[in-house]
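# Descriptive structure summary
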Amino acid sequence: MRRKQDPGRPELPPTAWAVLGLLSFPGERTGYELKKWADSSLRFFYWSPAISQIYAELRRLEGLGYAASERSGPEEPRTKRRYAITPEGRAALAEWAADTAEAGPPVLKHGVLLRVWLGHLADPARLRAMVEEHVGRTREGLAEVREARARAAGASEWAFPELALRWSERQHLAELELAEALLADLDGLGAAGRTGRAAVPRQGGGDAPTPG
């Protein structure tokens, strides 16, 4: 059920809510620390904003009263500004997070699959190498997700981020399975071509393999 938005709540981009979400966990953090936390959490299931985006959103959130900051004292060799969420920011974030209708469906933009779709223009060996590279990157990503899970495990304040990382681990495992199946499909397509398989007939009498 979609909740009625507070008319006083400003319309913010997802990046702003993500940065505010990073601030909702215990502790005060600098922009650099928020970037590191995003890289070890958010990027595995959503995306990690650039450091310039983080600082821009921190300024916006502070202007709205959703975040507050203070500079470090002279005891630190380098001056730092640390940010924390305000009660108003936590209330606005809780309202936004409860509005499930705004979450929308997941968006898949798979660059490797786009190139496989254009495989009739590609060298078969290069195309297969591209998918193999994708398998390697996915294995590396899986290892990083598991490292992040290990860091979050056992800490009650990270219980929900750990659930998201657990989902990301399953997603990486599924991506590995799909990529390895794709390699088998490419091999099968190559074998069929070598045995002189007849071309697949066009559907619907048009120029594309689509109905109508």
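If you're wondering where the values come from, they're calculated on a predicted model, not measured in any experiment.

Rules used throughout
- Residues numbered from 1 in each chain as written.
- Predicted model: local features only at pLDDT ≥ 70, side-chain atom pairs only at ≥ 80, totals over all residues.
- Heavy atoms only, no water.
- Patch = residues over 30% accessible without salt bridge, like charges linked within 9 Å, V, L, I, M, F, W, Y side chains within 5 Å.
- Areas by Shrake-Rupley, 256 points an atom, 1.4 Å probe, with all protein chains shown as cover.
- Salt bridge = Lys/Arg side-chain N within 4 Å of Asp/Glu carboxyl O.
- Helix = DSSP H or I, 4+ residues; strand = E, 2+ residues; numbered from the N terminus.
- Axes fitted to C-alpha atoms, helices over the stretch in contact; angles between N-to-C directions.
- Parallel < 35°, antiparallel > 145°, perpendicular 65-115°, else oblique.
- Left-handed = near helix turned anticlockwise from the far one by under 90°.
- Contact = heavy atoms within 4.5 Å.
- Nonpolar A, V, L, I, M, F, W, Y, C, P; charged D, E, K, R; others polar.

### Digging into a nonpolar patch on the surface
Judged by side-chain polarity, L114, W117, L118 and L121 come together as a nonpolar surface patch covering roughly 480 Å² of accessible area. By the secondary structure assignment, W117 is in helix α5 (residues 111-117).

### What about the pattern of salt bridges?
Where side chains of opposite charge bring their charged atoms close, a pairing between them can arise. All chains considered together, the criterion is met by 12 salt bridges. With a closest N to O distance of 3.2 Å, K35 and D39 form a salt bridge. Of this pair, K35 and D39 both sit in helix α2 (residues 31-39), separated by 4 residues, roughly a single helical turn. A single salt-bridge network, built from bridges that share partners, covers R146, R149, E162, R166 and E169.

### Things to note about the packing of α2 against helix α3 (residues 51-64)
It is at 9 Å that the axes of α2 and α3 come closest, and there the two elements cross at 120°. Judged by the inter-axis angle, α2 sits oblique to α3. Of the two elements, α2 crosses α3, and the hand of that crossing is right-handed. Of the residues in α3, those touching α2 at G31, Y32, L34 and K35 are I51, I54, Y55 and L58. Looking at side-chain class alone, the contact of α2 with α3 contains 6 nonpolar, 1 polar and 1 charged residues.

### Section: the environment of E88
Position of E88 among the secondary structure elements: in helix α4 (residues 87-98). Expressed as a C-alpha distance, the spacing of E88 and A67, which sit 21 residues apart in the sequence, is 8.4 Å. Once residues lying within four places of it in the same chain are set aside, the contact partners of E88 are G65 and Y66.

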